[in-house]
Amino acid sequence: SGNDEKAADIAFNPVAGEYLMVYEYDASGTGTNWDIYGQRLDEDSNKIGNAFAILSSATHETKPQVAYNSTAGEYMIVAEFDSDGAGLAQIRGQRVSSGGAITGTPIGILSTNNSQNAPSIVYNPDNNEYMVGFENDYLQDGKLDILRVVLDGSGVPLFGKYNQLESYHHKNIRLDYNAAHNE
């Protein structure tokens, strides 16, 4: 398109033999309102249908990550959301069907008083759960903590299953699933 697109992530749907690519899109064309868009692609990277808005508001949504849920046959997208219009980033998610339709409403992952940044998401098919990890100065000690939140297969946060993993200067985490150990 004529507007900027950046920060893409992609997930594969093996049943349909297609991908969902998610990315930041400069909806206004002025750099003042970034939204999260998606584009379905076939196995040869040809576009399937048109690009569509996944997370869109009057403030910024940035740094999208996507995981494919093989149990439900849908995708979960997480991204930073400028929750107060002044730069306080929170992580929120959105389910998208394999056909590219928005499923339900945006999901707040974890409410904190500090910005949440750089989300990562992975799907665990053995438990039908997602894990979302992100940076946050949770202890307010000037160090970036890595927090994780476990969501059920429909994206509902399973409270009591979130914690601080480390308290160091971590940046840009990336989660992965180990099927051999269900972790």
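These numbers come from a predicted model, not from an experiment. (Residues numbered from 1 in each chain as written. Predicted model: local features only at pLDDT ≥ 70, side-chain atom pairs only at ≥ 80, totals over all residues. Heavy atoms only, no water.)

Looking only at helices and strands, the protein has 0 helices and 12 strands in total. Going residue by residue from the N terminus, the α and β elements of the protein occur as β-β-β-β-β-β-β-β-β-β-β-β. The proportion of buried residues among the 183 residues of the protein is 46%. When contacts within the protein are restricted to residue pairs at least 6 apart in sequence, long-range pairs at least 24 apart make up 44% of them. Accessible area for the protein stands at about 8800 Å²; split by element, carbon and sulfur atoms hold 48% of it. (Helix = DSSP H or I, 4+ residues; strand = E, 2+ residues; numbered from the N terminus. Buried < 20%, exposed > 50% of the residue type's maximum accessible area, 1.4 Å probe, protein only. Contact = heavy atoms within 4.5 Å. Areas by Shrake-Rupley, 256 points an atom, 1.4 Å probe, with all protein chains shown as cover.)

Inspection of every chain in the model, using the stated rule, returns 4 aromatic pairs. Here F12 and Y19 contribute two aromatic rings whose centre-to-centre distance is 4.7 Å and whose plane-to-plane angle is 50 degrees, an arrangement assigned as tilted. Given the relative accessible area of 32%, F12 is considered partly exposed. Their ring planes at 55 degrees and their centres at 4.5 Å tell us that Y25 and Y37 sit as a pair that is tilted. Within this pair, whereas Y25 is found in strand 2 (residues 18-26), its partner Y37 is found in strand 3 (residues 34-42), the two being separated by 12 residues in sequence. The ring of F81 is capped by R92, whose NZ or CZ atom sits 3.8 Å from the centre of that ring. (Phe/Tyr/Trp six-rings, centres within 6.5 Å; stacked < 30°, edge-to-face > 60°. Lys NZ or Arg CZ within 6 Å of the ring centre and 35° of its normal.)

What follows is about the confidence of the model for the protein. Residues at a pLDDT of 70 or more form 88% of the protein, whose mean pLDDT is 86. Here strand 12 (residues 157-167) is the element of the protein with the lowest mean pLDDT, 61, and strand 4 (residues 47-55) is the one with the highest, 97. (pLDDT = per-residue confidence, 0-100.)

With that settled, the discussion passes to the sheet that holds strand 1 (residues 5-13). Strand order across the open sheet formed by 4 strands is 1-2-3-4, with antiparallel pairing between neighbours. Either end of the sheet is taken by a strand with one partner, and the two such strands are strand 1 and strand 4. Recorded for the sheet is a direction-independent mean angle of 25 degrees between the axes of neighbouring strands. Summarising the sheet, strand 2 and strand 3 pair through 9 bridges and their orientation is antiparallel. Along strand 3, the bridge assignment pairs Y25 with D35. (Pairing = 2+ DSSP bridges. Axes fitted to C-alpha atoms, helices over the stretch in contact; angles between N-to-C directions.)

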